[in-house]
Amino acid sequence: MVSTRRTSMNVDRREKHWKNDPKWQCILAKASDQSQTIHGDVVIHSYQSRQDPYFTSSYFFETERGVVLVDTQIYYSAAQELWDAIKSKTSGNIFAIINTHAHPDHYFGNMLFRKVAPNATIITSAGVLADMHATAAQRVAKTRKEWGDEVPSNPADLVYPDFGFERTLTLAFDKITLELKEVGPAEAPVQVVGWIPQHRALIAADILQNKQHHYFSDRTTANWYRILQEFSEMNPRFVLTGHQGIAGKELIEETKHWFATFLGLMSDVAPRDVDPENIDTIDAKSRSYVVSEMQRRFPDWFDPYYYEGKTVLEQCIDGHRSEQIGAQVLAALGSKAG
Ligand SMILES: [Zn+2]
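Note that the structure is a prediction, hence the values are computed from the model and not measured.

Enquirer: Please explain the overall build of the protein as it appears in this structure.
Expert: Within the protein, the regular secondary structure consists of 10 helices and 15 strands. Taking all 338 residues of the protein together, the buried fraction comes to 55%. Residue pairs in contact within the protein that sit at least 24 positions apart in sequence constitute 67% of those at least 6 positions apart. Carbon and sulfur atoms make up 50% of the accessible area of the protein, which amounts to about 14,800 Å² in all.

Enquirer: Sorry if this is basic, but what is going on with the packing of aromatic side chains here?
Expert: We describe a pair of aromatic rings using the distance from one ring centre to the other and the angle between the two ring planes. Enumeration over the complete set of coordinates arrives at 20 aromatic pairs. A centroid spacing of 5.0 Å and a plane angle of 85° characterise the contact between Trp258 and Phe259, whose relative ring orientation is edge-to-face. Through a chain of ring-to-ring contacts, the aromatic side chains of Phe216, Trp224, Trp258, Phe259, Phe262, Phe298 and Trp301 assemble into a single cluster. Between the NZ or CZ atom of Lys142 and the centre of the ring of Tyr307, over which it lies, the distance is 4.8 Å.

Enquirer: When you look at the pairing of strand E10 (residues 191-196) in this model, what are you seeing that I'm missing?
Expert: As a general feature of sheets, a regular strand has side chains that alternate between the two faces. With six of six residues buried, E10 is to be regarded as a mostly interior element. Going residue by residue along E10, you find Gln191, Val193 and Trp195 tucked away on one face and Val192, Gly194 and Ile196 tucked away on the opposite face as well. Bridge count for E10 against strand E11 (residues 201-203) is three bridges, and the pairing is antiparallel. Directly across from Gly194, in E11, lies its bridge partner Ile203.

Enquirer: How should the sheet that holds strand E13 (residues 246-247) be read in this particular structure?
Expert: Either a parallel or an antiparallel arrangement is found when strands of a sheet pair, and the pairing is made through backbone hydrogen bonds. If you walk across this open sheet you meet the six strands as E8-E9-E10-E11-E12-E13, and the pairing is mixed. In this open sheet, the two edge strands, each paired with only one partner strand, are strand E8 (168-172) and E13.

Enquirer: How should the nonpolar core be read in this particular structure?
Expert: Generally speaking, nonpolar side chains in soluble globular proteins are found buried as a group. Within the largest apolar cluster, 99 residues are counted, with the highest numbers of intra-cluster contacts made by Ile86, Ile94, Ile98, Phe113, Leu178, Ile207 and Phe231. A total of seven residues in this core trace back to one element, the largest contributor, which is helix H7 (residues 250-269). Discounting residues that sit within four places of it in the chain, Leu178 has contacts with Phe61, Val68, Ile98, Leu169, Thr170, Leu171, Gly194, Trp195, Ile196 and Ile203.

Enquirer: Sorry, what's going on with the sheet that holds strand E1 (residues 37-38) here?
Expert: The strand order across the open sheet formed by seven strands is E1-E2-E3-E4-E5-E6-E7, and the pairing between neighbours is mixed. Each having just a single partner strand, E1 and strand E7 (163-165) make up the two edges of the open sheet. Here strand E6 (residues 121-125) pairs with E7 via three bridges, running parallel. Opposite Thr124, over in E7, you have Gly164 as the bridge partner. Contacts between helix H5 (residues 126-147) and the sheet are confined to E6 and E7, with E6 contributing the most and set at about 100° to the helix.

Enquirer: Help me understand the pattern of salt bridges in this model?
Expert: If charged atoms from side chains of opposite charge come close, those side chains can pair. Scanning all chains against the criterion turns up 13 salt bridges. Notably, a salt bridge pairs Lys16 with Glu150, separated by 2.6 Å at the nearest N-O pair. Of the two residues, Lys16 sits in the segment before helix H1 (22-33) while Glu150 sits in the loop between H5 and E7, which places them 134 residues apart along the sequence. Each member of the pair, Lys16 as well as Glu150, carries the same accessibility label: buried. Among the salt bridges present, the one from Glu308 reaches Lys145, with a minimum N-O distance of 3.7 Å. Of this pair, Glu308 sits in the loop between strand E14 (305-307) and strand E15 (310-311) while Lys145 sits in helix H5, and the two are 163 residues apart along the sequence. Its relative accessible area of 40% is what places Glu308 among the partly exposed residues.

Enquirer: What exactly am I supposed to notice about the coordination of the zinc ion here?
Expert: For a metal with four tetrahedral donors the ideal donor-metal-donor angle is 109.5 degrees, while six octahedral donors give ideal angles of 90 or 180 degrees. Looking at the zinc ion, one finds its protein donor set to be His101 (NE2), His103 (ND1), Glu187 (OE), Glu187 (OE) and Asp206 (OD), positioned 2.2 to 2.6 Å from the metal centre. Sequence positions of the donors to the zinc ion reduce to the motif H-x1-H-x83-E-x18-D. Highlighted residues: Glu187 in the loop between strand E9 (177-183) and E10 and Asp206 in the loop between E11 and helix H6 (221-234), separated in sequence by 19 residues.

Enquirer: Sorry, what's going on with H6 here?
Expert: Residues that lie three or four places apart on an α-helix share one face, since the helix turns once every 3.6 residues. Over its 14 residues, H6 extends 20 Å from the first C-alpha to the last, a length consistent with the 20 Å expected when each residue adds 1.5 Å. For H6, the set of buried residues is Thr221, Asn223, Trp224, Ile227, Leu228, Phe231 and Ser232. Where H6 is buried, its residues meet E9, E10, E11 and H7. At the C-terminal side of H6, Asn235 shows a positive phi close to 55°.

Enquirer: Quick question: what am I supposed to make of unusual backbone geometry here?
Expert: Excluding glycine, residues mostly have negative phi values, and the peptide bonds linking residues are mostly trans. A cis geometry characterises the amide bond from Gly184 onward to Pro185, with omega recorded as -5°. The residue Pro185 is located in the loop between E9 and E10 in this model. Residue Asp71 is not a glycine yet carries a positive backbone phi of 70°. Summarising the element assignment, Asp71 is placed in the loop between strand E4 (66-70) and helix H2 (76-89). A positive phi angle, close to 45°, is found at Arg200, a residue other than glycine. Tracing the backbone through its elements, the reader meets Arg200 in the loop between E10 and E11.

Conventions and cut-offs
- Residues numbered from 1 in each chain as written.
- Predicted model: local features only at pLDDT ≥ 70, side-chain atom pairs only at ≥ 80, totals over all residues.
- Heavy atoms only, no water.
- Helix = DSSP H or I, 4+ residues; strand = E, 2+ residues; numbered from the N terminus.
- Buried < 20%, exposed > 50% of the residue type's maximum accessible area, 1.4 Å probe, protein only.
- Contact = heavy atoms within 4.5 Å.
- Areas by Shrake-Rupley, 256 points an atom, 1.4 Å probe, with all protein chains shown as cover.
- Phe/Tyr/Trp six-rings, centres within 6.5 Å; stacked < 30°, edge-to-face > 60°.
- Lys NZ or Arg CZ within 6 Å of the ring centre and 35° of its normal.
- Pairing = 2+ DSSP bridges.
- Core = buried A, V, L, I, M, F, W, Y, C linked by side-chain atoms within 4.5 Å.
- Axes fitted to C-alpha atoms, helices over the stretch in contact; angles between N-to-C directions.
- Salt bridge = Lys/Arg side-chain N within 4 Å of Asp/Glu carboxyl O.
- Donors = N, O, S within 2.8 Å, 3.2 Å for Na, K, Ca; no water.
- Expected span 1.5 Å × (residues − 1).

Structure follows, in structure tokens:
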């Protein structure tokens, strides 16, 4: 056995170093004593990753046709834990799997579920499916570099949804209905959101994260906010978020404050004649000001480790990322539709 030694010169990020972060540990402890189940004729269960840095959430419920699962995790270890949870809480007979969007933490786990549930149909929207195909190779390379053996090394090993629906799809069972709809751009260029009328439960993909700073691209804010307004008008009882589980509808308004705060800070530092969303126009000092102020003003929101030694906020604001490929897909879809 060769042991890996960590030195300041050579930190192996694949050692799950974030598990040593007291803030991460605190959220993990909170998750284990929180009830993350919606009760009723049909019980909705949740699984929240204890493996990745950002607490990716999956949801599942039993129907007369079998189990419906929403999102399949990124890490092999988390997908396995999710599968164990499904087996312990349901029949274990999976009927359908929904992938909300093309980010790895929501669909790489399809690989495991195809093996353990070969008859399950994997579903997403046409736009998300196109986004997956366009970005998979880049995402596999990027995640493999950061997460090593917890993720696939070959894009050809990924399991894609069996079909992508156009605009909306309703899955109607005896006691529960799942109304799916493609929306975007927001956290991803396109994503599937779900509505369960029996529970007034909104499956929000990563458009909502439960008090966790958002991964965002430039120039998506206005549309993202518009979708949040639609969410408010739906008046859900529960919001099933992409990270850190189930929240109440007040999270929608709090998320609007998050965007308003970001734009306010940007307005402090960006020139008056440019779009206040345009991070390209502000210097490094201004970027670190925006990051630290976002963290200070949302002290109960978690800024998880993301990539290359940076947190999500640092990566999005300081490092300025733009979802180039996804944006190109979206543009291509737009021109195809138009
Ligand atoms: Zn996402």
